Amino acid sequence: MPEGAVAESGSVHAQALSWDDGLRSDAPERYPVSRGDTLWDIAGRFLRHPWQWPEVWQVNPQIENPHLIYPGDVVYLYDCNGRPCLGLERGQGQVRLSPTMRTTPHREAIEPIPMEAIGQFLREHRVIEDPDTLDELAYVVGGDDRRLISGAGDRLYARGSVERVGRVGLYRTGERYVDSASGELLGLALESIGQARRERSEDDIVVLEVTASSQEVRNNDIVLPLEDRALTRQFYPRPPERAVDGRILAVPGGVRFIGRLQVVAIDRGRRDGLETGHVLRVEQRGELVDDPRTGEALRLPGEEAGLVMIFRPYDKMSYGLVMEASRTLAVGDRVHNPRRNLDAALR
């Protein structure tokens with residue numbers, strides 16, 4: 001979480017939850033943090049909706065970097081002015097090596113969510129937000145010794161503008177993301193297949209050496225500067241401030257049915273108010289049936305099916321990670337702002 005964000009959320013949102021609203025009936029009084037836990041996991045032990053963690057999180061001012069939680073720390077539940085709050089006791093993390101010497105081992109803070117689930121994805125995928133610029137990008141026109149496919153250590157020839165310093169990425173065009181309602185083109189997915197370094201150029205032909213490859217490099221593959229893939233590890237789970245109503249566009253990799261910790265493409269982005277850490281509720285698309293009297297095709301109401309957290313928003317679309325899935329999700333399922341318990345009870 002961003003430094004200061006938790007403290008702010010404690011003062012602004014702490015009154016949002018009561019002991020009867022949002023807290024799990026089996027919430028423990030104390031929970032010792034273990035290696036492998038995530039912030040989302042810990043929140044789920046106390047709250048019905050883990051994304052409401054900032055609303056009950058309180059900062060102990062005497063603890064350095066209180067927004068970081070380590071294995072060995074203890075998260076505890078307590079009453080603050082009639083509302084539930086969560087506090088933190090720092091573990092000592094000390095190991096006794098001999099009667100006269102102790103050492104404090106290096107400890108890594110727990111992750112907000114399973115970062116490995118999205119780190120690999122970001123290394124292998126990116127999006128061109130304006131696919132009309134594709135024709136302006138450099139592309140592979142041939143391999144050394146008339147090779148049709150190339151790999152690490154091989155020489156390539158590309159046509160177009162390629163940066164003179166550093167490495168470049170080699171990409172293959174993938175799915176075109178299109179808004180199903182308006183037909184608007186939202187972005188073009190690119191799949192990373194390797195990296196190369198520039199050796200020299202002659203006219204508009206650039207000579208490249210492939211330094212790494214996950215697939216064979218082919219003619220017409222795209223050459224682009226490497227994307228800055230620095231991923232924030234300070235997620236602040238929260239609902240969007242604006243109303244969001246969208247759909248699951250696709251599942252990278254061609255999977256049809258979707259479960260927990262899978263990446264999905266959403267047809268809403270920054271222009272719709274989505275930012276990193278925003279949590280959306282997934283509503284499973286209702287079954288399509290025929291009216292037995294009129295023969296009319298009817299779509300039945302949807303059912304709540306899971307939660308998605310946005311981790312890479314683009315302007316017109318976003319990538320999110322499925323954090324919870326009570327049902328099997330699918331392309332076309334609706335995503336929108338999560339409801340609080342009280343709202344759900346009144347529906």
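Placed above this text is the structure.
Residues numbered from 1 in each chain as written. Predicted model: local features only at pLDDT ≥ 70, side-chain atom pairs only at ≥ 80, totals over all residues. Heavy atoms only, no water.

**Section: empty space enclosed by the protein**
Tallied over the entire structure, the rule returns one cavity of 30 Å³ or more. Quantified by volume, the largest cavity comes out at close to 50 Å³. Taken together, Leu39, Trp40, Ala43, Pro50, Trp53, Pro112, Ile113, Phe235, Pro237 and Met309 make up the lining of the largest cavity. Take the lining of the largest cavity: its biggest share by element is three residues, from helix 2 (residues 39–46). Counted by class, the lining of the largest cavity contains 10 nonpolar, no polar and no charged residues. (1 Å grid on protein atoms, 1.4 Å probe; cavity = no way out; pocket = protein on both sides within 12 Å on 5 of 7 lines; lining within 4 Å. Points joined across faces, edges and corners; volume = space filled by probe spheres on them. Helix = DSSP H or I, 4+ residues; strand = E, 2+ residues; numbered from the N terminus. Nonpolar A, V, L, I, M, F, W, Y, C, P; charged D, E, K, R; others polar.)

**As for the sheet that holds strand 1 (residues 30–32)**
Sheet architecture is open: three strands sit in the order 1-2-3, paired in antiparallel fashion. Edge strands, defined here as strands with exactly one partner in the open sheet, are strand 1 and strand 3 (83–89). In this sheet, neighbouring strand axes are inclined to one another by 25° on average, regardless of whether the strands run parallel or antiparallel. Here three bridges tie strand 1 to strand 2 (residues 74–80), and the two strands are oriented antiparallel to one another. Note on strand 2: the bridge partner recorded for Pro32 is Val74. (Pairing = 2+ DSSP bridges. Axes fitted to C-alpha atoms, helices over the stretch in contact; angles between N-to-C directions.)

**A few points about helix 3 (residues 116–124)**
All of the buried residues along helix 3 are Ile118, Gly119, Phe121 and Leu122. What you see down the axis of helix 3 is that its buried residues fit within an arc of 170°, all on one side. Against strand 6 (125–128), strand 17 (263–266), strand 21 (303–313) and strand 22 (318–325) lie the buried residues of helix 3. (Buried < 20%, exposed > 50% of the residue type's maximum accessible area, 1.4 Å probe, protein only. Arc of directions from axis to C-beta. Contact = heavy atoms within 4.5 Å.)

**Overview of the environment of Leu208**
Looking at the secondary structure, you find Leu208 in strand 12 (residues 205–213). The class of Leu208 is buried, set by a relative accessible area of 0%. Remark: the alpha-carbon pair of Leu208 and Asp144, spanning 64 residues in sequence, is separated by 9.9 Å. With near-sequence residues (within four places) excluded, Leu208 lies in contact with Asp154, Arg155, Leu156, Ala158, Val162, Val168, Ala196, Arg197, Arg198 and Val223.

**Overview of the environment of Ile205**
On the secondary structure map, Ile205 appears in strand 12. Since its relative accessible area comes to 28%, Ile205 is described here as partly exposed. Taking C-alpha positions, Ile205 is 8.6 Å from Ser161, a pair spaced 44 residues apart along the chain. When sequence neighbours within four positions are dropped, the list of residues in contact with Ile205 reads Tyr157, Ala158, Arg159 and Arg200.

**Things to note about helix 2**
Burial of helix 2 is extensive: six of the eight residues sit out of reach of the surface. Taken together, the buried positions of helix 2 are Leu39, Trp40, Ile42, Ala43, Gly44 and Phe46. Residues of helix 2 that are buried in the fold lie against strand 1, strand 2, strand 3, strand 18 (279–284), strand 21 and strand 22.

**Points about the packing of aromatic side chains**
Using the criterion set out here, one finds five aromatic pairs in the structure. Aromatic side chains Phe121 and Phe311 sit 6.0 Å apart centroid to centroid with 90° between the ring planes, which places their arrangement in the edge-to-face category. Of this pair, Phe121 sits in helix 3 while Phe311 sits in strand 21, and the two are 190 residues apart along the sequence. Centroid distance Tyr177 to Tyr319: 6.3 Å. Interplanar angle 80°. Geometry classified as edge-to-face. With Tyr177 in strand 10 (residues 167–178) and Tyr319 in strand 22, this residue pair connects regions lying 142 residues apart in the sequence. Across the pair, exposure class does not vary: Tyr177 and Tyr319 are buried alike. The structure contains a cluster of three or more aromatic residues connected by ring pairs, namely Phe121, Tyr177, Phe311, Tyr314 and Tyr319. (Phe/Tyr/Trp six-rings, centres within 6.5 Å; stacked < 30°, edge-to-face > 60°.)

**What about the environment of Val244?**
Looking at where Val244 falls in the secondary structure, it is placed in the loop between strand 14 (222–225) and strand 15 (245–250). As for Val244 and Asp272, which are separated by 28 residues in sequence, their C-alpha atoms are 6.9 Å apart. Among residues more than four places away in sequence, those in contact with Val244 are Arg268, Asp272, Leu274, Leu280, Val335, His336 and Asn337.

**Some remarks on the state of the cysteines**
Following the criterion strictly, the structure yields one disulfide and no others. Each disulfide pairs two cysteine sulfurs, and for Cys80 the partner residue is Cys85, the sulfurs being separated by 1.7 Å. Disulfide Cys80-Cys85: the torsion about the S-S bond is 40°, which places it as right-handed. Taken individually, Cys80 and Cys85 each receive the classification buried, so the pair is uniform in this respect. (Disulfide = S-S within 2.5 Å.)

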